[in-house]
Amino acid sequence: MEIERKYLVTDPPRECFSHPFRTIEQAYLCTDPVVRIRREDSEYYLTYKGRGLLAREEYNLPLHEAAYRHLLPKADGIILTKKRYRIPLDGTSLVIELDVFSGAYEGLMLAEVEFPDEEAALAFTPPVWFGRDVTFTGEYQNSRLALKQM
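Residues numbered from 1 in each chain as written. Predicted model: local features only at pLDDT ≥ 70, side-chain atom pairs only at ≥ 80, totals over all residues. Heavy atoms only, no water.

1. Overview of the overall build of the protein
Looking only at helices and strands, the protein features three helices and nine strands. Counting from the amino terminus, helix and strand elements in the protein follow one another as β-β-β-β-β-β-α-β-β-β-α-α. A globule of 150 residues ought to have a C-alpha radius of gyration of about 15 Å, and the protein, at 15 Å, matches this closely. Here the C-alpha coordinates of the protein stretch approximately 45 × 30 × 30 Å along the principal axes. Counting all 150 residues of the protein, 45% fall into the buried class. Surface exposure of the protein reaches about 8,200 Å², of which carbon and sulfur atoms provide 53%. Side chains of the protein carry 19 positive and 24 negative charges; the gap between the two charge centres is 5 Å. (Helix = DSSP H or I, 4+ residues; strand = E, 2+ residues; numbered from the N terminus. Rg over C-alpha atoms; globule rule 2.2 N^0.38 Å. Buried < 20%, exposed > 50% of the residue type's maximum accessible area, 1.4 Å probe, protein only. Areas by Shrake-Rupley, 256 points an atom, 1.4 Å probe, with all protein chains shown as cover. Lys, Arg positive; Asp, Glu negative; His and termini not counted. Charge placed at Lys NZ, Arg CZ, Asp CG, Glu CD.)

2. Concerning the sheet that holds strand β2 (residues 21-31)
Pairing is antiparallel in the open sheet, where nine strands are placed in the order β5-β1-β9-β8-β7-β2-β3-β4-β6. Strand pairing shows two members of the sheet lacking a second neighbour, β5 (55-56) and β6 (58-63), which therefore form its edges. Taken together, the six bridges between strand β4 (residues 43-49) and β6 define a ladder with antiparallel strand orientation. Note that in β6 the partner of Lys49 across the bridge is Glu58. (Pairing = 2+ DSSP bridges.)

3. Quick word on the pairing of strand β9 (residues 109-114)
Of all six residues in β9, five are buried, a share of seventy percent or more. As judged from the five bridges shared by strand β1 (residues 2-8) and β9, these two strands associate in the antiparallel manner. In the sheet register, Arg5 faces β9, and the bridge partner there is Val113. Where strand β8 (residues 95-102) lies against β9, five bridges are found, and the strand directions are antiparallel. Bridged to Val100 within β9 is Met109. What sits between the antiparallel neighbours β8 and β9 is a turn of six residues, in which Gly103 has the positive phi angle 70°.

4. Section: the pattern of salt bridges
The full count for this structure, using the stated rule, is 18 salt bridges. Where Arg22 meets Asp41, a salt bridge forms, and the shortest distance between an N and an O atom there is 3.0 Å. With Arg22 in strand β2 and Asp41 in the loop between β3 (34-40) and β4, this pair connects stretches of sequence that are 19 residues apart. A relative accessible area of 27% means that Arg22 is categorised as partly exposed. One continuous salt-bridge network, built from bridges that share partners, spans Lys6, Lys82, Arg84, Arg86, Glu97, Asp99 and Glu112. (Salt bridge = Lys/Arg side-chain N within 4 Å of Asp/Glu carboxyl O.)

5. A short note on the UniProt feature "active site" (unreviewed entry) in the protein
Mapped onto the present numbering, the UniProt feature "active site" (unreviewed entry) falls at Tyr28. When neighbours within four sequence positions are excluded, Tyr28 is seen to be in contact with Val34, Val35, Arg36, Ala75, Asp76, Leu80, Asn142, Ser143 and Ala146. Separated by 2.9 Å, the side chains of Tyr28 and Gln26 make a polar contact. (UniProt positions renumbered as here; feature names shortened; annotations may be inferred. Contact = heavy atoms within 4.5 Å. Polar contact = N/O pair within 3.5 Å; in protein donor to acceptor, adjacent residues only side chain to side chain.)

Written out as structure tokens, the structure is:
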């Protein structure tokens, strides 16, 4: 089960970019249910995600590069590219995943925080640099971004 909150970010602190990041490329074979393929640096995954905004089922299966390359042309919409910075949230065991998009969504930044349960997610007070909470709108779900450029 994935339980996360998502925020639109416009002006993150400069120190965010000093944290480690991974380069991600992902595409969607289906958006209802979500079936995604992802290259994260040199690792490859196929992911199934159930319906939901705050909480939903998520299953990741490893792929070989050849399988990823075979599936990539079958994807719907555009291929999303981004850098994901992992930033520890001070005073907690939580981690901020700051996605900085390139390509079709150059300049878009989204922050996600995953939680152990829905109660913790609903009680979360975001850092002041987080922008609008877009968790419950679904407008910034990556599967939607892949189908429609902003």
